[in-house]
Amino acid sequence: MTRHKTFVFSAPGEAGIAEDRATLADLPEWDLADLYPGRESAELEAGFDQAESAAKAFEARFEGKVGDIDGAAFGAAIIEYEAQEEILGRIMSYAFLVYAGNQSDPELAKFYQGAQERCTDISTRLIFFTLEINRMDEAALAEKMAVPAAAHYAPWVRDVRAFRDHQLSDEMEKILHEKMVAGRTAWVRLFDETMADLRFPFQSGTGEHESLTESEILHKLSDKDGAVRRQAGLSLGRVLGENIRQFALITNTLAKDKEIDDRWRRYAQPVSYRNLSNQVEDQVVEALRGAVTLAYPDLSHRYYALKSRWFGVEALDFWDRNAPLPQDDNRVIPWAEARKTVLDAYGDFSPELATIGQRFFDSPWIDVPPRPGKASGAFAHPTVPSAHPYLLLNYQGRVRDVMTLAHELGHGVHQVLAGPQGALMSDTPLTLAETASVFGEMLTFRALLKAEDDPARRRVMLAGKVEDMLNTVVRQISMFDFECRVHDERRSGELTAERLGDIWLET
Ligand SMILES: [Zn+2]
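Residues numbered from 1 in each chain as written. Predicted model: local features only at pLDDT ≥ 70, side-chain atom pairs only at ≥ 80, totals over all residues. Heavy atoms only, no water.

Within the chain one finds 21 helices and six strands. By the compact-globule yardstick of 23 Å for 507 residues, the chain fits well, its C-alpha radius of gyration being 24 Å. By principal-axis analysis of the C-alpha atoms, the chain measures approximately 75 × 55 × 45 Å. Of all 507 residues assigned to the chain, the portion counted as buried reaches 50%. Carbon and sulfur atoms make up 56% of the accessible area of the chain, which amounts to about 24300 Å² in all. Computing the positive centroid from 57 side-chain charges and the negative centroid from 81, the chain places the two 2 Å apart. (Helix = DSSP H or I, 4+ residues; strand = E, 2+ residues; numbered from the N terminus. Rg over C-alpha atoms; globule rule 2.2 N^0.38 Å. Buried < 20%, exposed > 50% of the residue type's maximum accessible area, 1.4 Å probe, protein only. Areas by Shrake-Rupley, 256 points an atom, 1.4 Å probe, with all protein chains shown as cover. Lys, Arg positive; Asp, Glu negative; His and termini not counted. Charge placed at Lys NZ, Arg CZ, Asp CG, Glu CD.)

What follows is about the pattern of salt bridges. One pass over the structure, following the stated rule, counts 35 salt bridges. Notably, a salt bridge pairs arginine 289 with glutamate 286, separated by 3.0 Å at the nearest N-O pair. Residue arginine 289 and its partner glutamate 286 are located together in helix α14 (residues 282–294), separated by three residues, close to a single helical turn. For arginine 289, a relative accessible area of 17% translates into the label buried. (Salt bridge = Lys/Arg side-chain N within 4 Å of Asp/Glu carboxyl O.)

With that out of the way, let us pick up the coordination of the zinc ion. Tetrahedral coordination by four donors sets the ideal angle at the metal to 109.5 degrees; octahedral coordination by six donors sets it to 90 or 180 degrees. Protein coordination at the zinc ion comes from His407 (NE2), His411 (NE2), Glu434 (OE) and Glu434 (OE), with a distance range of 2.1 to 2.6 Å. Classification of the site at the zinc ion rests on its four donor atoms, whose angles at the metal span 52 to 148°, yielding the label irregular. Donor residues for the zinc ion sit on one chain with the sequence pattern H-x3-H-x22-E. One end of the pair, histidine 407, and the other, histidine 411, are both in helix α18 (residues 399–418), four residues apart, so they sit about a helical turn from each other. Among the residues examined, histidine 411 registers a relative accessible area of 2% and is labelled buried. (Donors = N, O, S within 2.8 Å, 3.2 Å for Na, K, Ca; no water. Tetrahedral: all angles 85-135°; square planar, octahedral: opposite > 155°, others 65-115°.)

Under the definition given, this model contains 26 aromatic pairs. On the basis of an interplanar angle of 65° and a centroid distance of 5.5 Å, the ring pair of phenylalanine 191 and phenylalanine 247 is categorised as edge-to-face. Taken together, the positions of phenylalanine 191 in helix α9 (residues 184–197) and phenylalanine 247 in helix α12 (residues 244–264) put the pair 56 residues apart, joining distant regions of the chain. Using a relative accessible area of 13% as the deciding quantity, one classes phenylalanine 247 as buried. Among the aromatic side chains, those forming a connected cluster through ring pairs are Phe58, Phe62, Phe74, Tyr81, Phe128, Phe129 and Trp156. A cation over a ring is seen here: arginine 118 above phenylalanine 48, with NZ or CZ 3.9 Å from the ring centre. Here the basic side chain of arginine 459 rests over the ring of tryptophan 310, its NZ or CZ set 4.9 Å away from the ring centre. (Phe/Tyr/Trp six-rings, centres within 6.5 Å; stacked < 30°, edge-to-face > 60°. Lys NZ or Arg CZ within 6 Å of the ring centre and 35° of its normal.)

A few words now on unusual backbone geometry. The linkage connecting serine 363 with the following residue, proline 364, adopts the cis geometry, with an omega of -15°. Looking at the secondary structure, you find proline 364 in the loop between α17 (351–362) and β4 (366–367). Within the chain, arginine 266 stands out as a residue other than glycine whose phi angle is a positive 60°. With respect to the helices and strands, the residue arginine 266 is situated in the loop between α12 and α13 (272–277). Although it is not a glycine, glutamine 279 sits at a positive phi angle of roughly 55°. Structurally, the position occupied by glutamine 279 is in the loop between α13 and α14.

Attention now moves to α12. Along its 21 residues, α12 runs 30 Å from first to last C-alpha, staying within 8% of the 30 Å computed at 1.5 Å per residue. Residues of α12 that are buried include every one of Phe247, Ala248, Ile250, Asn252, Ala255, Lys258, Glu259, Asp261 and Asp262, and no others. On the buried face of α12, the contacting elements are α8 (170–179), α9, α11 (226–242), α13, α20 (455–490) and α21 (497–506). Backbone geometry just after α12 places arginine 266 at a positive phi near 60°. (Expected span 1.5 Å × (residues − 1). Contact = heavy atoms within 4.5 Å.)

If you look at the biggest cluster of nonpolar residues, it comprises 82 residues, and the most contacted ones within it are Phe74, Phe129, Trp156 and Trp335. Ranked by residues supplied to this core, first place goes to helix α2 (residues 71–101) with 14 residues. Leaving out residues up to four positions away in the same chain, phenylalanine 129 has contacts with Phe58, Val66, Phe74, Ala77, Ile78, Tyr81 and Trp156. Counting 15 residues, the second-largest nonpolar core is a separate cluster that includes Met195, Phe200, Phe202 and Val239. (Core = buried A, V, L, I, M, F, W, Y, C linked by side-chain atoms within 4.5 Å.)

The next thing to look at is the side chain of histidine 381. As for its placement among the helices and strands, histidine 381 is situated in strand β5 (residues 378–381). Here histidine 381 falls in the buried class, since its relative accessible area comes to 4%. A distance of 2.9 Å separates the side chain of histidine 381 from the backbone nitrogen of threonine 383, its partner in a polar contact. (Polar contact = N/O pair within 3.5 Å; in protein donor to acceptor, adjacent residues only side chain to side chain.)

As a further point, take the environment of tryptophan 319. Tracing the sequence through the fold places tryptophan 319 in the loop between α15 (297–310) and α16 (335–349). Tryptophan 319 sits in the buried class, given a relative accessible area of 11%. In the structure, tryptophan 319 is positioned 87 residues away from alanine 232 in sequence and 7.7 Å away in space, judged by C-alpha atoms. What tryptophan 319 contacts, discounting residues up to four positions off in sequence, is Leu221, Arg229, Arg230, Gly233 and Leu234.

In this structure, serine 300 sits in helix α15. Of the residues examined, serine 300 reaches a relative accessible area of 7% and is grouped as buried. Residues within four places of serine 300 in sequence aside, it is in contact with Leu470 and Val474.

Before going further, it helps to spend a moment on the environment of leucine 391. One can find leucine 391 in strand β6 (residues 390–392). Assessed through its relative accessible area of 0%, leucine 391 is described here as buried.

Let us look at the confidence of the model for the chain. For the chain, per-residue confidence averages 92 on the pLDDT scale, and residues scoring 70 or more make up 96% of the total. Every residue in residues 1–9 scores below 50 in pLDDT, and together they form 39 contacts with partners more than four places removed in sequence or on other chains. Predicted confidence is poor over residues 11–20, with pLDDT under 50, and the contacts of this stretch with residues over four places away or in other chains come to 34 contacts. (pLDDT = per-residue confidence, 0-100.)

Moving on, we come to the packing of α15 against α20. At a closest axis distance of 11 Å, the pairing of α15 and α20 adopts a crossing angle of 145°. Relative to α20, α15 is oriented so that their crossing is left-handed. Mapping the contact onto sequence places Leu299, Ser300, Tyr303, Tyr304, Lys307 and Trp310 in α15 and Arg459, Ala463, Val466, Glu467, Leu470 and Val474 in α20. Tallied by class, residues from the contact of α15 with α20 come to eight nonpolar, one polar and three charged. (Axes fitted to C-alpha atoms, helices over the stretch in contact; angles between N-to-C directions. Left-handed = near helix turned anticlockwise from the far one by under 90°. Nonpolar A, V, L, I, M, F, W, Y, C, P; charged D, E, K, R; others polar.)

Pasting the structure below:
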């Protein structure tokens, strides 16, 4: 199926909350009115109506006939299909972003689920189009694609056809599509809402008992004070442990759901669907996994041995993996400074990058502060070409938070520049998407390093960069290994929470 958008999450957990709340007062929040004026707005209702009547008309005109129409009509049909993707994409982007802003609010959750259900009903009517494109033989397709209106969409048609060998009958595709809202997406929602509702007990330096969100407790793991990190790490483990049966059930259910799908669709391995979507061959990913795994001793093992020595211990405790070096000044970077740092770094490389980046702050297209119930981590969501991307952050004033801004803004600028490709072709596979973001991060880091001449501070910064890169490369490959093993083992039955924990520790 082709209905998925790349919006790119960074793992929560390395981002930073500040003791110095004054420095972080008045952080901007996004304004979603560029998508729709509100949940109850006439514009949103009109969007649903328009999508529904257009889908019905499209279905009546083309279902069962896509193979028979000529090239010009085929090109015109793709243009119409794209227009419908644009409306549905706008509605779902809006619903998702509203919900991401507060996953603990039952009203917003109901709104998100309702939008998903209505959009699924509507899009079920459109599924036939790509299924019929995939049933055409090469010669018939080539004849249609020779017409300019269709030729324009050649990359999209190629990407749709990549899933040819894995598609099922029209009826099965329809029922699987409809079932998703009561299956996989519901389980993901259960996980997100459970995480958003968790509170982690923490006793502050002045003896006050606090009840922190996931973002806030994770931020304590990069506190300068070792006792704070220890208390945060233990609280994190305890609260997650209290919910372990539910998380194990969610993991097992999602893995089983995927196994059923993969079996019917004849994917060779659990990773095959993902690789096909990312337009990368299984062997290429294997080569990457092999190379990074071989380099563990030389990269992460050597670095953390060094870090242990700096902390004067045999081995680091798990809560100290991302601890700042003892020389870190624990400074809270105000938002205005973060913004200037990133935009200046972008501008030194290319004024056009900075000009586009600036628009994210002017409007504002960025949701900056952590809030109870808000999605943790960070992401850039492209929405649709007729609107613009939005960024979600949980900014807490650490250097790492500035890097996260640089990273997500890289995605955002890329998404703006890709917009003119249109709703069907502006999306990129993850393999390409991470290029712009990591590049933006490196530009910003190099600018920060250049501006610093105190050797001790430079060392702290370099250590932070090494850790970010270990998290980007080594940690991601470890998580990939973990997922591969869980999916493999799930094929022969459920995994207990203990077994999941064992695989986690081994990888
Ligand atoms: Zn990214």
